[in-house]
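Observations on the three-dimensional arrangement
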Amino acid sequence: MHFSIISVVPELLESPLGHSMIRRARDRGLLEIECVDLRTFGLGAYRQVDDYPYGGGAGMVLMAEPLVNCIENLKRQRTYDEIIYLTPDGKRFDQPMANRLSLNLNLMLICGHYKGIDQRVRDHWVSLEVSMGDYVLSGGEIAACALVDAVGRLIPGVLNDETSALSDSFQDGLLAPPVYTRPAEFRGFPVPGILLSGHQARIDEWRHEQALQRTAERRPDILGD
Ligand code: ADE
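So, here's what we can say about the structure. For every chain, the first residue of the written sequence is number 1, and numbering continues from 1 along that sequence. In keeping with the predicted nature of the model, local features appear solely for residues at pLDDT of at least 70, side-chain atom pairs appear and are counted solely at 80 or more, and the whole-chain, interface and lining totals rest on all residues. Side-chain calculation: all heavy atoms of the structure are included, whereas hydrogens and water are not.

A tally of helices and strands in the chain yields eight helices and nine strands. Expressed as lengths along the three principal axes of its C-alpha atoms, the size of the chain is roughly 70 × 40 × 35 Å. Evaluated residue by residue, the chain yields a buried proportion of 40% over its 225 residues. By definition in these notes, contact holds between two residues if any of their heavy atoms fall within 4.5 Å. Pairs at least 24 residues apart make up 74% of the contacts formed inside the chain by residues separated by at least 6 positions. Note that accessible areas follow from Shrake-Rupley with a 1.4 Å probe, and for residues the cover is restricted to the protein chains shown. Accessible surface, the chain: about 13300 Å² in total, of which carbon and sulfur atoms supply 51%. Charge assignment: positive for Lys and Arg, negative for Asp and Glu; neither His nor the chain ends contribute. One atom stands in for each charge, and that atom is NZ of Lys, CZ of Arg, CG of Asp or CD of Glu. Put simply, the chain has 23 plus and 31 minus side-chain charges, and the middle of one group is 4 Å from the middle of the other. Secondary structure elements are taken from DSSP: a helix is a run of H or I of four residues or more, a strand is a run of E of two residues or more, and numbering for both begins at the N terminus. For every residue, the accessible area (1.4 Å probe, protein chains only) is compared with the maximum for its type, and the residue is labelled buried under 20%, exposed over 50%, or partly exposed between those bounds.

The subject of this paragraph is the site of the ligand. Only a single heavy atom is needed: when it lies within 4 Å of a molecule or strand, its residue is near that molecule or strand. Neighbouring the ligand are the residues Leu86, Thr87, Pro88, Val130, Ser131, Met132, Gly133, Tyr135, Val136, Leu137, Gly139 and Ala143. The separation between a nitrogen atom of the ligand and a polar main-chain atom of Thr87 is 3.2 Å. For this analysis, a polar contact is any N or O atom pair within 3.5 Å, provided that within protein one partner can donate a hydrogen and the other can accept it, and provided that sequence-adjacent residues contribute only side-chain to side-chain pairs. Separating a nitrogen atom of the ligand from a backbone N or O atom of Tyr135 is a distance of 2.8 Å. For the ligand, whose accessible area on its own is 260 Å², the fraction buried by protein is 96%. Per-element accounting of the shell around the ligand gives the leading share, three residues, to strand β5 (residues 82-92). Ten residues, namely Ala, Val, Leu, Ile, Met, Phe, Trp, Tyr, Cys and Pro, are considered nonpolar, four, namely Asp, Glu, Lys and Arg, are considered charged, and the remaining ones, Gly among them, are considered polar. For the shell around the ligand, the class distribution of residues is eight nonpolar, four polar and no charged.

Bringing the side chain of His2 into the picture now. In this fold, His2 is placed in strand β1 (residues 2-7). Residue His2 is classed as buried on the basis of its relative accessible area of 6%. At 3.4 Å, the side chain of His2 and the side chain of Arg78 are in polar contact.

Quick look at the pattern of salt bridges now. Where side chains of opposite charge bring their charged atoms close, a pairing between them can arise. A side-chain nitrogen of Lys or Arg and a carboxyl oxygen of Asp or Glu constitute a salt bridge if their distance falls within 4 Å. Counting across every chain of the model gives seven salt bridges. The partner of Arg153 in a salt bridge is Asp168, with the nearest N and O atoms 2.3 Å apart. Of this pair, Arg153 sits in the loop between α6 (141-152) and α7 (163-166) while Asp168 sits in the loop between α7 and β8 (185-186), and the two are 15 residues apart along the sequence. You'll find Arg153 and Asp168 in the same group, each marked buried. Here Asp221 ties to Arg219 by a salt bridge, and the two come within 3.0 Å at their closest N and O atoms. Arg219 gets classed as partly exposed once you look at its relative accessible area, which sits at 31%. Within this structure, Asp89, Arg122 and Glu129 form a network of salt bridges that share partners.

What follows is the structure in structure tokens.
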């Protein structure tokens, strides 16, 4: 799977996408991530990428021309399944969306900055607008990293044990149950005895009950009727 990420601060993407699971997926050729510096497509001697908003108001807007030149340049190199703009007024990202996106081959992500991007790019070039939640980040980069991480780990072979993505919170519509590791007692607090029992069927049942209980307490909104 290939991601092309357009950003005015590509340095922000480097560390989150250069370690751990995502790094291993890249090293093994399961995942390609290309970070494109929008300034390369900036206009004039100063490589201008933003300008004042028509109608006045605070903040700058990323201009259509450098952005569209960048998008068109990328589109000449591959066929994108989606061109995604990260924005707080987009469709809320969740596990089903991550699952759906993980079935694609090529995704382009556009990170906004300042007051956002010229609406004409959103109207005519972007195919999907995605929000990471009801709060405003200073740019789309952190949102893009979250999307790449959540989607990238679903690509077959990225996780060591493929079933571990299936037992993630949200994959079965429930939050994940609590987990424990050694020692069996820590500062007087014991691990639930069932986990030490060796009865896998009862352990599975206990985990399911815990997941249900946790979901009912913390996220009743995602529980079905
Ligand atoms: N850019 C700024 N805030 C954002 C958010 N909440 N989600 C996605 N992109 C963003």
